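Listed here are the chains, written in short residue letters.
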Amino acid sequence: MRELIRYELKKLFHRPIALTCLTAFAIFTVYILCLWVIPFNAAVWEENNGELVITKGLEAVRRNQEITALYQGPFTTQKAQSIIETYSFSTDLLIKEGLNPQRQTHYPHNYLYKVLSGFFAQPDGVYDGTTIEEIYGNDLASNLVLGYSQGWSAILSSLPDVFPLWACVLTIFLSPVFSDEYSKHTDALILTGSQGRTKCPAAKIIAAYSISLGGSVILLGIFLLCLFFCYGFSGLECSAQLSPVLPLAHYPLTMGQALLLEIMLLFSGIIVYTALILVISALSKNSFVAVIISGAVLFLPGCIPPHNKLLYTLSSLLPMNQLKLIPLYFLPHPLPINLSDVELMLLSLPIVLVVILIGTPCARRLFSRHQVR
């Protein structure tokens, strides 16, 4: 069985178009890492004795961590006011540096200031008197925890850019699993062999999931490794509402919980889409048809109109919407079904179970019962 799996993996990786797509995807992943995770563009602007001091790169990350350490813990209106008043620049400094005093909140300052100024400061940097209860509501405001979560925000923002493209790569990689045998007429050789209707289809399915899940684990590991070296792993206990990525989440959510939900959605989307590709490949006459149909299924959610709230909400459980994290960002509120956001996202787990128990055996059965011509 191991030899069969190795042979199927070799066939899938041996095609030039698959290697070209994988190379292009690797280049895109490096670009996203440099754009979102590795802090090449990180900067902290501070006023020191009437002078503007700018810190960049990893030094800016360390400085942000030092500033955040002064305020971390339960979030209060007093902390928000203190951060805005302490780190706003003086009008004289802004004029001296050729900056517009009426657009102070558009300048970098530091991580905490950038996150909070949009809610608690006027454009000129003056605290506007807003309380956290007015922004987040009484129930949510009492559970907010402030801390440094820039690294986790970068991960939560960048993975939804990478995984949909990874799904496109899987479309090219996995569509020929069964359909290529039909177009090359090697199905006769396989299906008339002693293990052609049993172990060979199983080996193809295992090889397909090995590529999709193995690649997903490697991809996630690369991002977490870069995160560790640049930011460390602290900040998981911080509230997602006090981050750039989920400032208006409708329910109490820490960065750690948001990360687990994101990983769950990403991997469930990949598993479901892999199963769909296998079924489509087993049904298609050739790999070209399998690629076209698989691609259409992947991008189908983009054709669903958002004004139909019920259909749009239910479509969030389709693979592409899971990979783009539609449930976390764009669903209408209140939801048109009797579920919370998190409960809706957790529905992806039973869907994955159903797909594995039904879709995968279906693909195997379709190929093993294929009529050899």
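That block above? That's the structure.
Residues numbered from 1 in each chain as written. Predicted model: local features only at pLDDT ≥ 70, side-chain atom pairs only at ≥ 80, totals over all residues. Heavy atoms only, no water.

Attention now goes to empty space enclosed by the protein. Going through the model one piece at a time under the given rule, you end up with 1 cavity of 30 Å³ or more. As a volume, the largest cavity reaches approximately 30 Å³. For the lining of the largest cavity, the leading source of residues is helix α9 (residues 150-174), giving 3 residues. Tallied by class, residues from the lining of the largest cavity come to 3 nonpolar, 5 polar and no charged. (1 Å grid on protein atoms, 1.4 Å probe; cavity = no way out; pocket = protein on both sides within 12 Å on 5 of 7 lines; lining within 4 Å. Points joined across faces, edges and corners; volume = space filled by probe spheres on them. Helix = DSSP H or I, 4+ residues; strand = E, 2+ residues; numbered from the N terminus. Nonpolar A, V, L, I, M, F, W, Y, C, P; charged D, E, K, R; others polar.)

What follows is about the packing of aromatic side chains. Counted according to the given criterion, the structure contains 11 aromatic pairs. Ring centres of Trp45 and Tyr107 lie 6.0 Å apart, and the angle between their planes is 15 degrees; on these two criteria the pair is classed as stacked. Taken together, the residues Trp45 in strand β1 (residues 43-48) and Tyr107 in the loop between α5 (91-96) and α6 (111-120) connect sequence positions 62 residues apart. When sorted by exposure, Trp45 lands in the same class as Tyr107, which is buried. Among the aromatic residues, ring-to-ring pairing joins Trp152, Phe228, Phe229 and Phe233 into one connected group. (Phe/Tyr/Trp six-rings, centres within 6.5 Å; stacked < 30°, edge-to-face > 60°. Buried < 20%, exposed > 50% of the residue type's maximum accessible area, 1.4 Å probe, protein only.)

Take unusual backbone geometry next. Backbone geometry at Asn49 places phi at a positive 55 degrees, although glycine is not the residue there. With respect to the helices and strands, Asn49 occurs in the loop between β1 and β2 (51-56). If you check the backbone angles, His109 has positive phi at about 55 degrees while not being a glycine. Topologically, His109 is positioned in the loop between α5 and α6.

Glancing now at the side chain of Thr274. Relative to the helices and strands, Thr274 is located in helix α13 (residues 255-283). Beyond its immediate sequence surroundings of up to four residues, Thr274 is in contact with Leu170, Leu174, Ala208, Tyr209 and Ser212. (Contact = heavy atoms within 4.5 Å.)

Formed by 92 residues in total, the largest nonpolar core has its most connected members in Phe75, Phe120, Tyr136, Trp166, Leu174 and Phe223. A per-element tally of this core places α13 first, with 17 residues. (Core = buried A, V, L, I, M, F, W, Y, C linked by side-chain atoms within 4.5 Å.)

Before going further, it helps to spend a moment on the packing of helix α2 (residues 16-37) against α9. How two helices sit against one another is set out by the angle between their axes and by the gap between those axes. Axis separation between α2 and α9 bottoms out at 10 Å; the angle between their running directions is 175 degrees. In terms of axis orientation, α2 runs roughly antiparallel to α9. Contacts between α2 and α9 involve Ile17, Ala18, Cys21, Leu22, Phe25, Phe28, Thr29, Ile32, Trp36 and Val37 from the first element and Ala154, Ile155, Ser157, Ser158, Asp161, Val162, Leu165, Trp166, Val169, Ile172 and Phe173 from the second. Partitioned by chemical class, the residues of the contact of α2 with α9 number 17 nonpolar, 3 polar and 1 charged. (Axes fitted to C-alpha atoms, helices over the stretch in contact; angles between N-to-C directions. Parallel < 35°, antiparallel > 145°, perpendicular 65-115°, else oblique.)

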